[in-house]
Structures are given as structure tokens and as C-alpha cells.
Amino acid sequence: MQELLQQLANGIAWGSIYALIALGYTMVYGILRLINFAHGDVYMVGAFAAFYLARWTGAGGAGATVGSALLVLLGAMAFCALLGVLIELLAYRPVRKSSRLTALITAIGVSLLLENLGIRIFGADPKFFPQIIPPQRVELVPGVMVTNHQITVVLVSILLLVGLTLFIHRSKTGKAMRAVAFNRDAASLMGIPVNRIITITFAIGSALAAAAGVLVGLTNPRIEPLMGIMPGIKAFVAAVLGGIGSIPGAVIGGLLMGVSEYLVVGYISSTYRDAIAFIILILVLLLKPAGLLGRNVAEKV
Amino acid sequence: MIRFRKHVIAVLCLALLIALPLGCAKKENEIVIGEYGSLTGPTATFGISTKNGIELFLDNMNAAGGIGGTKVRVIVEDDQSRPEEAATAVSKLIDQDGVVAVLGEVASSRSMAAAPICQSAGVPMITPSSTNPKVTEFGDYISRVCFIDPFQGQMIAKFAKERLSFTRGAVFRDIKNDYSVGLANYFTEAFHALGGTVISDESYSEGDQDFKAQLTVIKSKKPQFLMVPGYYTDVGLISRQAREIGLDVPMLGGDGWVSDELLEIAQGSLNGSYMVNHYWVDDPNPAIQKFVNDYRARYGGATPDGLAALAYDAAGVLVAALDRLRQEDAEAFRALQGPRNDAQKAARAKLKEFINATKDFPGVTGKITLDASRNAVKPAVFVGIKEGKYEFVAMVEP
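Residues numbered from 1 in each chain as written. Chains lettered and ligands numbered in written order. Predicted model: local features only at pLDDT ≥ 70, side-chain atom pairs only at ≥ 80, totals over all residues. Heavy atoms only, no water.

Draft legend 1. Structural context of the overall build of chain A. Within chain A, the secondary structure is distributed over eleven helices and four strands. Computed over C-alpha atoms, the radius of gyration of chain A comes to 19 Å, within 12% of the 19 Å expected from 2.2 N^0.38 for 301 residues, which places it in the range of a compact globule. Dimensions of chain A, computed from the C-alpha atoms along their principal axes, are close to 60 × 45 × 40 Å. With 301 residues in all, chain A has 55% of them scored as buried. A separation of at least 24 residues holds for 77% of the contacts in chain A among residues at least 6 apart in sequence. Surface accessibility of chain A: about 13,600 Å² in total, with carbon and sulfur atoms responsible for 71%. (Helix = DSSP H or I, 4+ residues; strand = E, 2+ residues; numbered from the N terminus. Rg over C-alpha atoms; globule rule 2.2 N^0.38 Å. Buried < 20%, exposed > 50% of the residue type's maximum accessible area, 1.4 Å probe, protein only. Contact = heavy atoms within 4.5 Å. Areas by Shrake-Rupley, 256 points an atom, 1.4 Å probe, with all protein chains shown as cover.)

Draft legend 2. Region of the structure containing the interface of chain B and chain A. If you look at the interface, chain B gives 33 residues, while chain A gives 29 residues. Together, Gln 209, Asp 210 and Glu 244 of chain B form the three largest contributors to the area buried by chain B at its contact with chain A, with a combined 24%. If you look at where chain B meets chain A, you find three salt bridges. Of the charged contacts, one joins Asp 248 of chain B and Arg 137 of chain A as a salt bridge, the two residues approaching to 3.0 Å between their closest N and O atoms. Listed by contribution, the elements that provide at least two residues to the side of chain B that touches chain A are strand E7 (197-204), helix H7 (212-220), helix H8 (232-244) and helix H9 (261-266) of chain B. (Buried area = accessible area lost by both parts, 1.4 Å probe. Salt bridge = Lys/Arg side-chain N within 4 Å of Asp/Glu carboxyl O.)

Draft legend 3. A look at helix H4 (residues 108-121) of chain B. Residue and element names in this part refer to chain B. Helix length check: H4 (14 residues) gives 20 Å between terminal C-alpha atoms against 20 Å at 1.5 Å per residue, within 8%. The sharpest bend along H4 measures roughly 30 degrees and falls at Ala 114, with the proline Pro 116 sitting one to four residues further on. Within the sequence span of H4, burial applies to Ser 108, Ser 109, Arg 110, Ser 111, Met 112, Ala 114, Ala 115 and Cys 118. Gly 122 occupies a position one or two residues after H4 and carries a positive phi of about 70 degrees. (Expected span 1.5 Å × (residues − 1). Bend = angle between axes of the 7 residues up to and from the residue.)

Draft legend 4. Here's a closer look at unusual backbone geometry. Across the junction of Gly 104 of chain B and Glu 105 of chain B, the peptide omega takes the value -5 degrees, indicating a cis bond. Position of Glu 105 of chain B relative to the elements: it lies in the loop between strand E3 (102-103) and H4. Despite not being glycine, Arg 33 of chain A shows a phi value in the positive range, around 55 degrees. Mapped onto the elements, Arg 33 of chain A comes out in the loop between helix H1 (2-32) and helix H2 (39-57). Here the phi dihedral of Ser 81 of chain B falls at roughly 65 degrees; this positive angle occurs in a residue that is not glycine.

Draft legend 5. Here's a closer look at the pattern of salt bridges. Counted by the stated rule, this structure contains 27 salt bridges over all chains. As a salt-bridge pair, Glu 88 of chain A and Arg 96 of chain A come within 2.4 Å of each other at their nearest N and O atoms. Take Glu 88 of chain A: its relative accessible area is 0%, and that puts it in the buried class. A salt bridge links Asp 360 of chain B to Lys 359 of chain B, with the shortest nitrogen-to-oxygen separation between them at 3.9 Å.

Draft legend 6. Here's a closer look at the pairing of strand E2 (residues 71-78) of chain B. Residues and elements named next belong to chain B. Bridge analysis of strand E1 (residues 30-37) against E2 gives eight bridges, and the strand direction is parallel. Within the sheet, the bridge partner assigned to Ile 31 lies in E2 and is Val 72. Viewed along the sheet, the connection from E1 through helix H2 (residues 44-63) into E2 turns out right-handed. (Pairing = 2+ DSSP bridges. Right-handed = clockwise from strand over helix to strand, strands pointing away.)

Draft legend 7. Local environment of the packing of aromatic side chains. Residue and element names in this part refer to chain B. Per the stated rule, a full pass over the model turns up 28 aromatic pairs over all chains. Ring geometry for Tyr 204 and Phe 211: centres 5.3 Å apart, planes at 90 degrees, overall edge-to-face. Of the two residues, Tyr 204 and Phe 211, both sit in the buried class. When the centroid spacing of 6.0 Å and the interplanar angle of 55 degrees are considered together, the rings of Phe 291 and Tyr 295 count as tilted. Taken together, the residues span about one helical turn, with Phe 291 and Tyr 295 both in helix H10 (residues 286-298) at a distance of four residues. (Phe/Tyr/Trp six-rings, centres within 6.5 Å; stacked < 30°, edge-to-face > 60°.)

Draft legend 8. The arrangement of the side chain of Ser 273 of chain B in detail. Inspection of the secondary structure assignment puts Ser 273 of chain B in the loop between H9 and strand E10 (274-277). When near neighbours in sequence (up to four residues on either side) are disregarded, Ser 273 of chain B contacts Arg 243, Pro 250, Met 251, Trp 257, Val 383, Gly 384 and Ile 385 of chain B.

Draft legend 9. Structural detail: the side chain of Thr 127 of chain B. Residues and elements named next belong to chain B. Relative to the elements of secondary structure, Thr 127 occurs in strand E4 (residues 125-127). Residue classification places Thr 127 among the buried residues on the basis of a relative accessible area of 0%. Looking at Thr 127, its side chain comes within polar contact range of the main-chain oxygen of Glu 105, at 2.7 Å. (Polar contact = N/O pair within 3.5 Å; in protein donor to acceptor, adjacent residues only side chain to side chain.)

Draft legend 10. View of a nonpolar patch on the surface. Residues and elements named next belong to chain A. On the surface, a nonpolar cluster with roughly 820 Å² of combined accessible area is contributed by Met 1, Leu 4, Leu 5, Leu 140, Val 141, Tyr 267, Ile 268 and Tyr 272. Its location among the elements puts Leu 140 in strand E2 (residues 137-141). Leu 140 gets classed as exposed once you look at its relative accessible area, which sits at 52%. (Patch = residues over 30% accessible without salt bridge, like charges linked within 9 Å, V, L, I, M, F, W, Y side chains within 5 Å.)

Draft legend 11. Molecular detail of helix H13 (residues 342-356) of chain B. All names here are of chain B. The end-to-end C-alpha distance of H13 is 21 Å, a good match for the 21 Å that 15 residues give at a rise of 1.5 Å each. When we look at burial in H13, the residues that qualify are Gln 344, Ala 347, Arg 348, Leu 351, Lys 352, Phe 354, Ile 355 and Asn 356. The secondary structure elements touched by the buried residues of H13 are H4, E4, strand E5 (142-144), helix H11 (306-328) and helix H12 (330-337). Residue Asn 341 occupies the N-cap position of H13, its side-chain oxygen lying 3.2 Å from the main-chain nitrogen of Ala 343.

Draft legend 12. Geometry of the state of the cysteines. Residue and element names in this part refer to chain B. One pass over the full model with this rule turns up zero disulfides over all chains. In this structure Cys 146 is a free cysteine whose sulfur lies 16 Å from that of Cys 118, the closest cysteine sulfur available. For Cys 146, a relative accessible area of 0% gives the class buried. (Disulfide = S-S within 2.5 Å.)

Draft legend 13. View of the sheet that holds strand E8 (residues 225-227) of chain B. All names here are of chain B. In spatial order, the strands read E7-E6-E8-E9-E10-E13-E14; together these seven strands make up an open sheet with mixed pairing. Taken across any chain shown, the strands that pair with only one partner, and hence form the sheet edges, are E7 and strand E14 (389-396). Along the sheet, successive strands turn relative to each other by an average axial angle of 25 degrees, direction set aside. Sheet topology places strand E9 (residues 251-253) next to E10; two bridges connect them, and they run parallel. Of the residues in E10, the one forming a bridge with Gly 253 is Met 275. Sitting on the sheet, helix H5 (residues 149-163) touches E8, E9, E10, strand E13 (380-386) and E14, and the angle it makes with E14 is about 100 degrees. Against the sheet, helix H6 (residues 178-193) touches strand E6 (168-174), E7 and E8, its axis set at about 165 degrees to E6. (Axes fitted to C-alpha atoms, helices over the stretch in contact; angles between N-to-C directions.)

Draft legend 14. Up close: the pairing of E10 of chain B. Residues and elements named next belong to chain B. What joins E9 to E10 is H9, and the crossover it makes is right-handed. In this sheet, E13 lies alongside E10 in antiparallel orientation, the contact comprising four bridges. Bridge assignment links Met 275 to a residue of E13, and that residue is Val 383.

Right under this line is the structure:
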């Protein structure tokens, strides 16, 4: 029982990170019907941005405070928001009117570009993330240990999720985003600046990926330029599992991915750690192609 | 016909391209050897230490006049810590650079990717620190200057059972890594033979970020120690995460832990743990102290780790064999400086014989004698970690 609880606690913390990345996939897909395969690499850039930011500001080590950690988090998010906007402007906007396959290939190209630029700029050897919050062990219930880092991960994820939901449902921009997702042409006829809304979507999605990158640096402090590939794929599966295009779906999918990964490694074998994502993907596509919370709508092209 | 001519021209151009660097690479009075290693990637410090050790030895030797006036130059290739790149790197060294011998790799999996290439090309390869027994089984051109994993595994088991009086241990192996799997097996075998039990045997894959799922399973079995035969980047994270979920037992490991970065990554979580090393840096032996001081002077105060010391010795063994070749067969020695032809091939075969006949070579990691399987037989050193510092524990003879 203790062991199971420990696995669940760790799985939820890890799953929150998948959830944050999956949100970016889902938002972009919802609006553009584009699977942004470069998203996992934006997450990697987020982790590195935080790494260098923490170094320059001296936020790691002895001088670490909650304020400086927050500064690092927000800085990395801002940087990646900008990167997301740039990617949209330079790579996706020019091919938006072309076929979906073109957009998909472009996405893969951007992904490879970011990975290899990462190797060029940061070097191929792994870096070790500075401790921007000193680690502490917390006993949840007797025998089940988590760290303050894992608690932070879950809390920050919840905060960002609540903020995002409020933004989408309450703000004018959020309403416009939903309108664009529903029908881009009609939204445009109603006077919604579609291009600007798409840019904002990319900015928010990338900022969330950056947040995930920083949180990973906190709990699993080894970062390297190819670190985004696997989590990127898994978060994509999480988004499909939850129902791509659905925001609560992405969160549920992310958490399920994290927990099932832990259970598989803990009770079956670590060699199946990555296989589980693909088994889930196949099962979802076979049994419920729209995902858990997705609705089956006829494609209108 | 036109098409045929086009092909011929293309082939000629290609041949010219390949031949050009070969033609320019060699100088008079110079022997070119190759080294491949992980200058980047997750085990970057291994490759950098090895390169430093080799260059230190060769530069000292060249400055002192070389091998009877002949200088030795080394060409270094980076394999990015990946076995498939290691194969590409040695192929390039042999085919393009025309090296007469190869030094490398640290990681057994990468040595095993390169060894068959060296064997079939007839180019002697000395690995400074690959400890998996299979490495030298590829043939008589492959040898090593370090001890092998069965010995290392036995020593760790003996240390756990006799010195620390532990009977219940857990093993956490890197399933993708030949070195780690081999060492885990030899350790388990020896620990059982001594009357201990391995109560939990879990695995991870090199480069994983999260180990808590497996560590949780290990913790539930309540072992007295955790043996992790992995490499330092993973070990540092594993020890941190073990403490985070409350698995507070000493960890034991092999020479894959050897890196100055280990303590930095582990952030104090490795206190009370033990590892095997190839030599001890504060050994009062004057030859070792000269090596340590030379190394520090040359590389900005960095302390040479066991891998740098082994690399230094691997270069030493190769140069000693070259020197013997010069003394006993000047013709063959000259052929090594010339182009790739049958005479050179015969010379390389002779060089291999001299390497394999190495006996009582006075290295900084102990006296090196190669046995019939071309493995070095020599003692291991146990190092403990206390309050964030390494300390000498014991020296164990084979």
C-alpha cells in the first residue's frame, strides 16, 4: 500500500509536467488543427533558458529564494513565449494556406532545427540544473516521501491550469480564441483579428511548455538538448488520450500518462517505460479515437 | 558511353578526394596514432580525461626526444558518447587518417563497437579502461591496461560482505550498457557465493531522468545497501532521488563513478558510499606524484582521475611496444611511418605481438602485465565518500 501510494505521488508530479506540455499541443491543435511537433523542443529551450537565467542572476545555490525562483520561472516563460511567436510567424504562417501535410513537415523541420541548434549552442553534454529552491523532504503519510520540489510542480501546474481556464472562459481574448477554434472564417467575418489570436495562442502554449521545462529542471535536474523528444511525444499522446483540443482532457491525459508510466516501471519493468505511451496511443485510436473528453465531430473541410 | 565516362570521372574525383588527406597526413619521422572517445555527451568527462592523459604522456615523450628521434602524433575523434559514432570514428581514423594503432574507448559498449573494425583492419587497439571481458574477445589486436569486471565485481561483493558486514543488497543496473549489466552479474554471483543475497534487482536505461519508480520498489524490500554499476551522470541523480524518497542506505559502485563531476551532481547525497578506482591520487609513490603534478600543471590545476591515469598508461604501453619494435626491427618501424601497404601491415602485426607481450610495465596505475587474454592483472583501490570528499579506504590485490 505504502509502495503504491509512493508510486502514485511520484506519478502525479511527473504527470503534471506532461499535462503542462500537453496543454500547448491541445491549444494549438484546437485553433489551427496543427500538431506542433516542435513543442517538445520549446520545452527544452525553456529548461535551458532557466538554466542560464539562474546562473546569471545567481538564483541557484545558497542565495536561492522564492522570489528569485519565480523570476527564473517567469523569465523562461517570457523567453519561450517570444520563441513561440517567432516560430509561428516564420515557420507556420507562411504555410498556413498550404495542405496540412506541408504544415506537419514544417513542424518536424522546426523541431530538428531547435534540437540541433541546441546541440550547437548548449553542447551535447548534459547540464545540471541549479537548485533554485533548496530541496526538502516531506513525509505525506508515514513511509511516503515527496520533496518540496514535487509539491511545487503540482501546485504550479494547478495554478497555471486554473489561470488558463479563467483566461479562456472569462476574458475577451479567450472568447476570441474559442471563436477562432470553432470556425476561423466566421470569426474573421465577425471582426476577430484571427492572426493576432493565433499568435497569442502560440505564446501561451510555449510559455506553458517553458514552465514545464523549469519544473523538470527542479525535480530532475539533468537537462540536455534532446531532452524534449520523449516528453514531447508522451505529452502528445496525453493530449490525444484526453481528446486533442480539450483543455481538461490534456490535463487528465497528462496525469494518466505520468501515473501509468510509474506503475509500469514499478510493477512490470523499466524497459517498458517508453512503450507504454505507444500502447496507450494505439488503444485510444482503436477504442475511442476522439479521446476521453473529445467529441466526435464530422470533419468540415 | 558518355554515361560511362561520367561515372569514371566521378569515381576518379572521389578517389582523389579520399587520397588527398592521406597523402598530406604523414610527415617524415612521425608515427600517427588515433584516439576515439566521448568528448561530448553524457560521459564527456571520461573522454576528456582520457584525451588529457594520452596527450600528457605523448607530449612529455616527444619533448624528451620521441622514440629514438621519431615523434608520435595523436589524432582525436569525438564519438559523442554513442556506440554507433564510435564505429564511425575508428573507421575514419583507420581509413582516412591511416593511423597505425588506436587508443580507446572508456565505455565497454563503445569499445565493442570499434574492436571488430580494428581487428579486421589489423590495427592494434588498446583500451585504457573498458572493463567488460568481452572487449578483448574480438581478437588478438585488442588489449587493455585495466582490470576486468569479474575481478571488480568480486571485489565489490567482498567489500560489502566482509568489510561492511552486509548480507542483503539491492542492484540497480543500466540495462542498455554492457559494462553495467556485466558488472551487476559478476557482483551478484560473487555476493551469493560469499553468503549474501541480492533481494532486489531493478534496471534503468542510460539517460533516464527519473528513477523514483524503481527506487520505490527497491526501498520496499529494505536492502542494507544499493549497488549501482552505472556511470556518474546517472549515479548522481539516482543517489539524489534515493534520498528524496527515503532510501537512506550506502551506495556501492565501480569505476564508472570515477569523475570529478560526480560529487557536484550528487550534492552531498553520496556521503557514506564507496566506489572502486584504478589508482589513488595521494599515493606517495614518486612516479604517481610526478604524474599528478605534471597533470595539474598542464590542465589548470585539475586532479587526474583514474581514467586519465589509465589513458596515460595505455599510451605508455603502446610507446614501449613501438620502442621495442624500433630496436628489434628497424625496417618494420620505418614501415609504420610510410604509406599503407603490405610492409606496414606486417609491421602492425609485429607491433601487436610486442603489445601483447607487455610484462611488468611500470604504470601509474600499478605494474601492468597482459595475460593470455590480453587483460591487465592489477590491484583495485577502494575509495569512500565522506562529507563531500573522497578518501582512501583499501587497496585490493587480485
